[in-house]
Amino acid sequence: MIPVTAFEGMHCALFGLGGSGMATARALVAGGARVTAWDDNPDTVAKAADAGIETGDLATADWAAFDALVLAPGVPLTHPEPHWTVHKARAHAVPVIGDIELFCRQRDRIAPGAPFVAITGTNGKSTTTALIAHILREAGRDVQMGGNIGVPVLELEPPAATRIHIVEVSSYQIDLAPGLDPGIGILLNLSPDHLDRHGSMENYALVKKQLVKRADTAIIGTDDVWCASIANLLEKDGRDVTRISVATDRDAVDLSGAPALRGDHNLQNALAALHACRMLGLDDEEIMAGMASFGGLAHRMQIVAQKGKVLFVNDSKATNADAAARSLASFDAIHWIAGGLAKEGGIAPLAPLFGRIAKAYLIGEAAPAFAATLGSHVPFEIAATIDVAVRHAAADAAQSKAPEPVVLLAPAAASFDQFANFEKRGAAFTVAVEALETDAAPARAAQGGQ
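What you see is a predicted model; the values in this text were computed from it and never measured. (Residues numbered from 1 in each chain as written. Predicted model: local features only at pLDDT ≥ 70, side-chain atom pairs only at ≥ 80, totals over all residues. Heavy atoms only, no water.)

**Brief notes about the packing of helix 10 (residues 264-279) against helix 11 (residues 284-293)**
1) Next: Axis separation between helix 10 and helix 11 bottoms out at 10 Å; the angle between their running directions is 140°. As summarised for this structure, helix 10 and helix 11 are arranged oblique, according to the angle between their axes. Where helix 10 crosses over helix 11, the handedness of that crossing is right-handed. Two secondary-structure elements touch here, helix 10 through Ala-270, Ala-273, Leu-274, Cys-277 and Arg-278 and helix 11 through Asp-284, Ile-287 and Met-291.
2) Next: Taken together, the residues that form the contact of helix 10 with helix 11 break down as six nonpolar, no polar and two charged. (Axes fitted to C-alpha atoms, helices over the stretch in contact; angles between N-to-C directions. Helix = DSSP H or I, 4+ residues; strand = E, 2+ residues; numbered from the N terminus. Parallel < 35°, antiparallel > 145°, perpendicular 65-115°, else oblique. Left-handed = near helix turned anticlockwise from the far one by under 90°. Contact = heavy atoms within 4.5 Å. Nonpolar A, V, L, I, M, F, W, Y, C, P; charged D, E, K, R; others polar.)

**As for the pattern of salt bridges**
1) Next: Within this structure, the stated rule accounts for 15 salt bridges.
2) Next: Note that Asp-387 and Arg-391 form a salt bridge whose closest N and O atoms lie 4.0 Å from each other. Of this pair, Asp-387 and Arg-391 both sit in helix 14 (residues 386-398), four residues apart, which is roughly one turn of the helix.
3) Next: The exposure class assigned to Asp-387 is partly exposed, which follows from its relative accessible area of 38%.
4) Next: Here Arg-391 falls in the partly exposed class, since its relative accessible area comes to 45%.
5) Next: By sharing partners, the salt bridges in this structure join Lys-359, Glu-381 and Asp-396 into a single network. (Salt bridge = Lys/Arg side-chain N within 4 Å of Asp/Glu carboxyl O. Buried < 20%, exposed > 50% of the residue type's maximum accessible area, 1.4 Å probe, protein only.)

**So, the sheet that holds strand 8 (residues 184-187)**
1) Next: Pairing within the open sheet is parallel, and its six strands lie in the order 6-7-5-8-9-10. In this open sheet, the two strands that pair with only one neighbour each are strand 6 (142-147) and strand 10 (241-244). Sheet twist, expressed as the average angle between the axes of neighbouring strands with direction ignored, equals 15°.
2) Next: When strand 6 meets strand 7 (residues 163-168), the two strands line up parallel, connected through six bridges. What sits directly across from Asp-142, in strand 7, is Arg-163.
3) Next: Where helix 8 (residues 201-213) meets the sheet, its contacts fall on strand 5 (116-120), strand 8 and strand 9 (217-221), and the angle it forms with strand 8 comes to roughly 150°. (Pairing = 2+ DSSP bridges.)

**Observations regarding the packing of aromatic side chains**
The relative placement of two aromatic rings is captured by the distance of their centres and the angle of their planes.
1) Next: Enumeration according to the criterion identifies three aromatic pairs in this entry.
2) Next: Ring centres of Phe-103 and Phe-116 lie 5.0 Å apart, and the angle between their planes is 70°; this geometry places the pair in the edge-to-face category. Of this pair, Phe-103 sits in helix 4 (residues 99-110) while Phe-116 sits in strand 5; the two residues are 13 residues apart in sequence, bridging distant segments of the chain.
3) Next: Positioned above the aromatic ring of Phe-422 is the side chain of Lys-317, whose terminal nitrogen or guanidinium carbon lies 5.5 Å from the ring centre. (Phe/Tyr/Trp six-rings, centres within 6.5 Å; stacked < 30°, edge-to-face > 60°. Lys NZ or Arg CZ within 6 Å of the ring centre and 35° of its normal.)

**A look at the sheet that holds strand 12 (residues 310-314)**
1) Next: Reading across the sheet, the six strands line up as 11-12-16-13-14-15 and stay open at both edges, with mixed pairing between neighbours. The sheet terminates laterally at strand 11 (302-307) and strand 15 (380-384), the two strands that pair on one side only. Across the sheet, the mean angle separating the axes of adjacent strands is 20° when strand polarity is ignored.
2) Next: Here five bridges tie strand 11 to strand 12, and the two strands are oriented antiparallel to one another. Opposite Gln-302, over in strand 12, you have Asn-314 as the bridge partner.
3) Next: The strands touched by helix 13 (residues 367-374) within the sheet are strand 13 (334-339), strand 14 (357-363) and strand 15, with strand 14 carrying the most contacts at an inclination of about 155°.

**So, the nonpolar core**
1) Next: Ranked by size, the top nonpolar core spans 49 residues in total, and within it Phe-7, Leu-28 and Ile-220 carry the most contacts.
2) Next: Looking at this core element by element, the count peaks at six residues for helix 8.
3) Next: Residues contacting Leu-28, with those up to four places away along its chain left out, are Val-4, Phe-7, Cys-12, Leu-14, Ala-33, Val-35, Val-70 and Leu-102. (Core = buried A, V, L, I, M, F, W, Y, C linked by side-chain atoms within 4.5 Å.)

**Observations regarding helix 3 (residues 84-91)**
1) Next: Those residues of helix 3 lying buried are Thr-85, Val-86 and Ala-89. All buried residues of helix 3 lie within an arc of 100° about the axis, which places them on one face of the element.
2) Next: Elements in contact with the buried residues of helix 3: strand 1 (11-15), strand 3 (68-71) and strand 4 (96-97).
3) Next: One or two positions beyond helix 3, positive phi appears at Ala-93, with a value near 55°. (Arc of directions from axis to C-beta.)

**Here we look at the environment of His-87**
1) Next: Positionally, His-87 belongs in helix 3.
2) Next: Residues in contact with His-87, not counting those within four places in the same chain, are Glu-81 and Pro-82.

**A closer look at the environment of Met-288**
1) Next: Within the secondary structure, Met-288 is located in helix 11.
2) Next: For Met-288, a relative accessible area of 28% gives the class partly exposed.
3) Next: In this structure the C-alpha to C-alpha distance between Met-288 and Ala-410, which are 122 residues apart in sequence, comes to 28 Å.
4) Next: Discounting chain neighbours no more than four positions away, the residues touching Met-288 are Val-253 and Asp-254.

**Quick word on the side chain of Ser-316**
1) Next: Relative to the helices and strands, Ser-316 resides in the loop between strand 12 and helix 12 (321-328).
2) Next: Ser-316 sits in the buried class, given a relative accessible area of 0%.
3) Next: One polar contact links the side chain of Ser-316 to the main-chain amide nitrogen of Gly-426, over a distance of 3.4 Å.
4) Next: Sequence-distant contacts of Ser-316, defined by excluding residues within four places in its chain, comprise His-299, Leu-409, Pro-411, Phe-422, Arg-425 and Gly-426. (Polar contact = N/O pair within 3.5 Å; in protein donor to acceptor, adjacent residues only side chain to side chain.)

All quantities given are derived from atomic positions and should not be read as evidence of function.
Have a look at this one:
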């Protein structure tokens, strides 16, 4: 835990008592702040009270007594409408912040300039965060990884001069961190996402810009116009910017020995990690050794097994066509398991990649709609469930004449018709693969995220 002594003696309202909210409340109390916590869910309020956190209905509280409102990142700050606590805070000139802001203020208080890498982007931020942390750990560095990935930032060990914090930061968290000032800020890419929470693409890009705006040095992927524009603006302001581009930097890093980093999207992740780790003092030999041993993140193009010549890849996190396109572009001779709860647009945008698909095995509610889109372009069957899809895909792939046929779960749909979340869907895929009776070679890069 990081006790937030920067707020010692202050009185903070806190709304949102999920995992990160509870961690934030505990860190504030441990640092000497008084916290009045609340949530719309009575059960989470009761759990907080049982854990010794002071609770109180913020709807009837005296807001003039509060020094800050600490908001959980999932609670709307601006769009589609500010949360009622935000209205109350603004009416009483109470600043609205989040856990990343608390981390930054505590770092400035106890270890100014301590190594701090913050990563954001529409896609790839979790993989890049885990990759950088893995490379540094393999090189023997003291690393703390968390934020929007895994461990809430305030549950990590405190900042220190030789301790490196690698923190994934979502747009929601950036919005609540006006003092965000990483030593290295990484902005990978931008495409339309979370616009219901930010109102427009312009607003979304403006929020993302804040992560790199105050960084000592910024690493920015410039293959999209939004990030290229941000890089231009920062350079005009005299900021230190390192540009990375999949289009122009293909020879900068050799990923042939890193099976978990296939595809152009992972090339961008690797380029960001390469530059960040160099800036943190690693040599290229250390960096490439870390990339080679990186196992990838669970459910994100995770190689779970190789049985005979057939590779089994779990990309359950590919919940829309854009994400699935990255997987499909990374392999050939694909036996594609797709479907679930369809999203707007379905799989029509994937038509240019249909030539890579040997056959599709469709599951869930989206199966009929996906079948209609595939039509006569791609052979398909309605498998209905993942276990059936895996058995049929594995049998067909084993008969393929391709040197390395792939059974790929990249659903291009949400999981909620059959599973609670994409993790459980990916786990079901892995269980089905493990249950196959074909001879198995040792799995390559089958470990989950670090």
